[in-house]
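Summary of structural features
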Amino acid sequence: MSKQPTSINSEIFQNKNNIAALKQIIQQKENELSQKFDPQKNVLLLLLEKSSFIDDILSHSWHYFLKQHAPLITLCATGGYGRNELFPSSDIDILILLKTPETNHFQDGLSAFCNFLWDIGLKPGQSVRTIPECTQAALDDQTVMTSLLEIRLISGNKLLFADLQTQLSKSKIWPSKQFFAAKMKEQELRYAKFHDTAYNLEPNVKEGPGGLRDMQNIAWVYKWHFNTPTLKELIKYNLFSADEYNELIACRNILWRIRFALHTLTKRSEDRLLFDYQRDLANQFGFIDEQNNPDVEQFMQYYFNTVIKLERINEILLQLFNEQFIAKAETNQLHPANKNFVSINGYIEAKESDLFSNHPLALLEIFPLLQQNHSLKGVRATTIRLIRKNLHLINDEFRNNKKANKLFLSILKSSRGITHQLRRMNRYGILAAYLPCFANIVSRMQYDLFHIYTVDAHTLFVLRNLRRLSLEKHNDELPFCNSVFLRIAKPEILYIAALFHDIAKGMGGDHSVLGEEIVHQFCIQHRLSKHDNKLICWLVRNHLVMSMTAQRKDISDPDVIHKFALQVGSIEYLNHLYLFTVADIRATNPSLWNSWKNQLLLDLYTFTHSALHRGLQNPIARSERLYENKQEAKEELIGLGISESTIQKTWSQISDDYFLRYSADEVAWHTIAIASTTKDELPLVILRPQNQRGSVEIFIYTKNENKVFSISSDTLDNLGLTILDARIATVTLTPTEQYVLNSFQVLEKSGEPIKDLDRELHICQTLRSNLHSLKVKEQLNILRQSRQAKHFPIANRIHFHKDPLSRYTIIELITTDHAGLLAAIGQAFTDLEIQLHDAKITTIGSRVEDMFYVTDNQSHPITDKDRLENIRISLYSILEDMKN
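To start, this report covers the structure provided alongside it. Computed from a prediction, not measured in an experiment: that's the story for all the values here.

**Some words on a negative patch on the surface**
A grouping of Glu 628, Glu 632, Glu 635 and Glu 636 is seen on the molecular surface, where their side chains present a negatively charged patch. Relative to the helices and strands, Glu 636 is located in helix α31 (residues 622-639). Taking relative accessible area as the criterion, Glu 636 reaches 30% and is therefore assigned partly exposed.

**Some details on the environment of Lys 883**
Its location among the elements puts Lys 883 in helix α38 (residues 865-883). The class for Lys 883 is partly exposed, based on a relative accessible area of 40%.

**Remarks on the sheet that holds strand β6 (residues 341-344)**
Spatially, β5-β6-β7-β8 is the arrangement adopted by the 4 strands of the open sheet, whose pairing is mixed. This sheet does not close on itself; its edge strands, each paired only once, are β5 (334-336) and β8 (378-379). Where strand β7 (residues 347-350) and β8 come together, 2 bridges link them in parallel fashion. Across the sheet, residue Ile 348 finds its bridge partner in β8, namely Val 379. Against the sheet, helix α16 (residues 381-389) engages β7 and β8, with an angle of about 50° to β7.

**Points about the packing of helix α35 (residues 708-718) against helix α37 (residues 821-831)**
One can describe the packing of α35 onto α37 by two numbers: an axis separation of 8 Å at closest approach and a directional angle of 175°. By the criterion of interaxial angle, the relationship of α35 to α37 is roughly antiparallel. Here α35 contributes Phe 709, Ser 710, Ser 713 and Asp 714 to the contact with α37, which in turn contributes Leu 822, Ala 823, Gly 826 and Gln 827. Considering only residue class, the contact of α35 with α37 consists of 3 nonpolar, 4 polar and 1 charged.

**Quick look at a nonpolar patch on the surface**
A surface patch of nonpolar side chains, about 270 Å² in accessible area, is lined by Leu 44, Leu 45 and Leu 48. Exposure remark for Leu 45: the relative accessible area of 65% places this residue in the exposed category.

**Observations concerning the packing of helix α9 (residues 176-193) against helix α13 (residues 295-326)**
For the pair α9 and α13, the least separation of the axes is 11 Å and the interaxial angle reads 155°. Judged on the interaxial angle alone, α13 and α9 are roughly antiparallel. For the crossing formed where α9 meets α13, the hand is left-handed. Mapping the contact onto sequence places Ser 176, Lys 177, Phe 180, Met 184, Gln 187 and Tyr 191 in α9 and Glu 311, Asn 314, Leu 318, Phe 321, Asn 322 and Ile 326 in α13.

**Description of the packing of aromatic side chains**
Given two aromatic rings, one states the distance between the centres and the angle between the planes to describe the pair. Inspection of every chain in the model, using the stated rule, returns 38 aromatic pairs. Between Phe 65 and Phe 116 the ring centres are 5.3 Å apart and the planes differ by 55°, which places this aromatic pair in the tilted class. Taken together, the residues Phe 65 in helix α3 (residues 44-66) and Phe 116 in helix α5 (residues 107-119) connect sequence positions 51 residues apart. In this pair, the class of Phe 65 matches that of Phe 116, namely buried. Centroid distance Phe 480 to Tyr 605: 5.5 Å. Interplanar angle 75°. Geometry classified as edge-to-face. Placement of the pair is Phe 480 in helix α23 (residues 479-485) and Tyr 605 in helix α30 (residues 595-614), with a sequence separation of 125 residues. Through a chain of ring-to-ring contacts, the aromatic side chains of Phe 180, Tyr 222, Phe 226, Phe 240, Tyr 245, Phe 321 and Phe 325 assemble into a single cluster. The ring of Phe 87 carries Arg 259 above its face, with NZ or CZ at 4.5 Å from the centroid. Here the guanidinium or amino end of Arg 688 rests over the ring plane of Trp 669, the centre of that ring lying 4.5 Å away.

**With respect to helix α26 (residues 530-541)**
Here α26 contains 12 residues, and its C-alpha end-to-end distance of 16 Å stays within 8% of the 16 Å for a straight helix at 1.5 Å per residue. Buried residues of α26: Asp 532, Asn 533, Leu 535, Ile 536, Cys 537, Trp 538, Leu 539 and Val 540, and no others.

**A look at the sheet that holds strand β4 (residues 152-156)**
Ordered by their spatial adjacency, 4 strands build an open sheet running β3-β2-β1-β4, and the pairing between neighbours is mixed. The open sheet is flanked by β3 (125-130) and β4, the only strands paired with a single partner. Between one strand axis and the next, the sheet turns through 25° on average, direction left out of account. Sheet analysis places strand β1 (residues 73-77) next to strand β2 (residues 93-98), joined by 5 bridges and oriented antiparallel. Counted as the bridge partner of Ile 73 is Leu 98 from β2. Relative to β3, helix α6 (residues 131-140) is tilted by about 115°, and along the sheet it contacts β2 and β3. Together, β1, β2 and β4 form the strand contacts of helix α8 (residues 158-167), whose direction differs from that of β2 by roughly 105°.

**Focus on the pattern of salt bridges**
Inspection of every chain in the model, using the stated rule, returns 43 salt bridges. With a closest N to O distance of 3.6 Å, Arg 312 and Glu 247 form a salt bridge. Placement of the pair is Arg 312 in helix α13 and Glu 247 in helix α11 (residues 242-266), with a sequence separation of 65 residues. Exposure remark for Glu 247: the relative accessible area of 28% places this residue in the partly exposed category. Of the charged contacts in the structure, one is a salt bridge between Glu 349 and Arg 380, with a shortest N-O distance of 3.0 Å. Of the two residues, Glu 349 is situated in strand β7 and Arg 380 in the loop between β8 and α16; the sequence distance between them amounts to 31 residues.

The rules behind each value
- Residues numbered from 1 in each chain as written.
- Predicted model: local features only at pLDDT ≥ 70, side-chain atom pairs only at ≥ 80, totals over all residues.
- Heavy atoms only, no water.
- Patch = residues over 30% accessible without salt bridge, like charges linked within 9 Å, V, L, I, M, F, W, Y side chains within 5 Å.
- Areas by Shrake-Rupley, 256 points an atom, 1.4 Å probe, with all protein chains shown as cover.
- Salt bridge = Lys/Arg side-chain N within 4 Å of Asp/Glu carboxyl O.
- Lys, Arg positive; Asp, Glu negative; His and termini not counted.
- Charge placed at Lys NZ, Arg CZ, Asp CG, Glu CD.
- Helix = DSSP H or I, 4+ residues; strand = E, 2+ residues; numbered from the N terminus.
- Buried < 20%, exposed > 50% of the residue type's maximum accessible area, 1.4 Å probe, protein only.
- Pairing = 2+ DSSP bridges.
- Contact = heavy atoms within 4.5 Å.
- Axes fitted to C-alpha atoms, helices over the stretch in contact; angles between N-to-C directions.
- Parallel < 35°, antiparallel > 145°, perpendicular 65-115°, else oblique.
- Nonpolar A, V, L, I, M, F, W, Y, C, P; charged D, E, K, R; others polar.
- Left-handed = near helix turned anticlockwise from the far one by under 90°.
- Phe/Tyr/Trp six-rings, centres within 6.5 Å; stacked < 30°, edge-to-face > 60°.
- Lys NZ or Arg CZ within 6 Å of the ring centre and 35° of its normal.
- Expected span 1.5 Å × (residues − 1).

Taken by themselves, the reported measurements are silent on function.
What follows is the structure, given as C-alpha cells:
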C-alpha cells in the first residue's frame, strides 16, 4: 500500500518547509495516479482527480498570497486544464484576470504566488490580463480565443469572471463563420506538418491527423456556435447520431489511455509514439506476439485504426457544420449529377436516403462521378454517413458483379482524380470492403526504419507517385520518367500493380509471390486480357528486382546487364518496371531517394534498354564495350589537347576492368589529372561536385599502401559524407612499384550534393593529409547511430558468392550501420591479405547491405574453404565489436 498524500490545508503554508512539503504531496499524488492507472480502463476519473488536485493546490496558494486582494483579481484555468483534462505531465495553463491594469497594490503578492508555483514544481503557463486585454488578444489570435473558450474559475472575483465570459461571446468577437474558417486553416497547417497522413512511423497522439486535436477541433467549432458545454447535447439537434457520438468518445478514450500511458512511462509531456516506447506500450495494452504479427505491430494497428476513425468523424462533422451553418447562409446551387446524385454547392449528395440499399452499385458509382465532373469538390456529410452505414452491402455477390468490376476499373482508367478518389475510398472503408485482401494492410505498420508509412498509406503513395510521373505539370521533377510514361499504353496496369504489390504483407511467406497469386485472381475476376494479367502479375512478383540489381550489383558489367535483360525480357516490361521502381522507392521514405539512386536506376534502364534493343541473342561482348569506351575517352582527350602519346603512357599499365567500370567522361577526367601530376606530388586527391552519376566523385591516385582504402573511407566518414560506391583499380609499373586509382561516389549525410567550395577544398586537403601521413587525425565524427536504429537490431550476416566470370570472390555483408564501418572492413582486408577491387555500398535506413569484390594478393579469387571461414570469423568479430 502506498502512503496516502497529506491533505492540503492552510497549515502547510505556515510551515517554513512548505515548499518541500508540497513537493512531496505532489509526488505522492503522481505515484498514486500512476498506480491507479490501468491501460484497459477509462482514465476520465484520473484526469478529473488530477485537475481537482491541482485546483486544490492553486486555490490554497492563491488564498495564502492574495486573499486580501480578492475583489481585484481572479484565477482561471484555461486550455486542457480548463477542460479538466490534466494528464500526468500536461501543461497547467492559467489566466490571472485583473479588474484594472493597476497592480501596485498586489504586485508583490502576485510575484510571490507565481514564484511559489514554480518552486513547488508546477511550472504553469500563465498570462496576466485585464478583460479588455483578453478580448483584444482573442481578436488578434484565434488560438487565444480557443484557450479562453474553455476557461474555468478556480478562485477570486466571480463577477469579474462572468464579465469576461460575456465579453467573449461570439456576438462580439469571432462570429462562427470566421472562427470556423480559422480552425479549418489551423487544422490544414497542422496536417501538413505530418505530410497529411496519420500513418507516420512515430505518430503524435495529440497533434497528428486523427489525434486528440481533431476531437478538440470538432468540440471547439460546435460548442462555440451553440454555446454548449458538451458535444453530447448536440445529439438533440440531430447534428450527429448517438452512434457517432459514442464512436467519437470511444476513439477519444483510447487515445486518452495511450497518452496517459506515454506520460507515465516517460515521466514528461511526451505525446509522440516513439520507437523507444512502442514495445513497452504494446505489452501494457496486452498485445502478445503472434506468427507473422508482432505485438508492436498489433498495437500500432490498434492505434492507427483508432485515429483513422477519428479523422473520418472529424471530416464528416466539420463538413456538416460547413454545410448547415456556413454555406447554408449562401444561396444553395443545386445541379443534377446523374439519376442518383445531386450536386449542392459543389458537393455530391445522394438524392434519396435509401439510395444505396435500393441500388448498391451507387457505392462505387459515386467515385467515377467525382472524377468526371470537375466542378465537384467532395461528398456531403450526410452521404458519407450513408456510405459508411451501407458498407455491408459490398459482399461477394457485389464484388463479382460485372458492372461493379467495370466501375472499379473505370476509376483506375480515368484521366484525373485517381489518387484522390482511392484515398477517399480508403477513408470511407470502400477499398477494404471491395478488396477484402486490402483490409489486411489497412493501418498495418511495417516495423522498420525504411518504411515510414503503414502499408496502405505506402501503397497509395506509390500510386500517387506513378500518377505524378504521368502528368506534364510535374515534368520538372523527373523529366526522363515522364518521357518513359508516354510509352505506357495502359497506365491502369501500373496502378493495379501498385495496389497489389504489398497486399500480402503480414501473411507470412514471400509477399511478392503471395501478392502475385492474389492479383492474378483479381485480373481474372475483372476480365483483363491474358497479356495484361501476365504483365501485372510479373510486376508484383518482381517489383524489387530492379532496385536490388541497381544497388547491389556491378551494372557496368555487360554480363550483369545481360542477365537482368533476360529476366525482364522486353522493353515493354522494362518501361513498366522502371517507373514502378522509382515510384516505390520514393513512397517508402522520402529521405531514401536522392540523385544517386535516380542516376543508378537510369543507368540500369539505359543499359538494359540497349541490350534488349540489340537483341538478347546478340549480347554486347566485353571486348566491344572496352573498345567503345576507350575510343570515346581518347577522342574527348584529344579534343582537349592531350597528345596520343600522353594518353598511351597514362593508360599503358591500367587493367581493362578499369575501362569497363568507368564512363568515357570519367576516364578522361582521371587521365588529365594523372598525366599532370608528378610522383612527388602524390597523393593526388580531386573532387567533382556533381557528376553524371548524380553524386560527388572523389578520385584518389597514390602509391599502393595497405591502408589507402581504410584511411580514405574513415576520413570521408569523419567528414560527414555518405559513401555510395567505391571502385578500386591497381596500376603495376614494376613488381615493387604499384599505384591505386580509388574512386568514391559520395553525398552529404542529408542526401544532398556538396555545394560549398570551401567544403570541397577542406575535404580534399584533409584526405590528402591523412593519406600522406597514413593515419586519420582524430576529430568529431558526426555520424552517430540514430535513436530509432537502436530499436531495430539487424543480425550480422556474411555470405560468399561466386563471380560468374571467376574474376573475384564476392563478399556480401549485412549489418547495422555504424560510424567507421567501412574503415574497419578495409583494415580487416589489409590484415587478411585481401585485395579489394570494387565495393557496392547500400544503406537503407540503418541497414547496411554491402557487396565487396575481392581477390587474394595475386589477384586470384579466394576459393579455399578454410580461408573463407577464417575471413568470415574475422569479419564477424569486427561487427560484434562495433555493436559494443
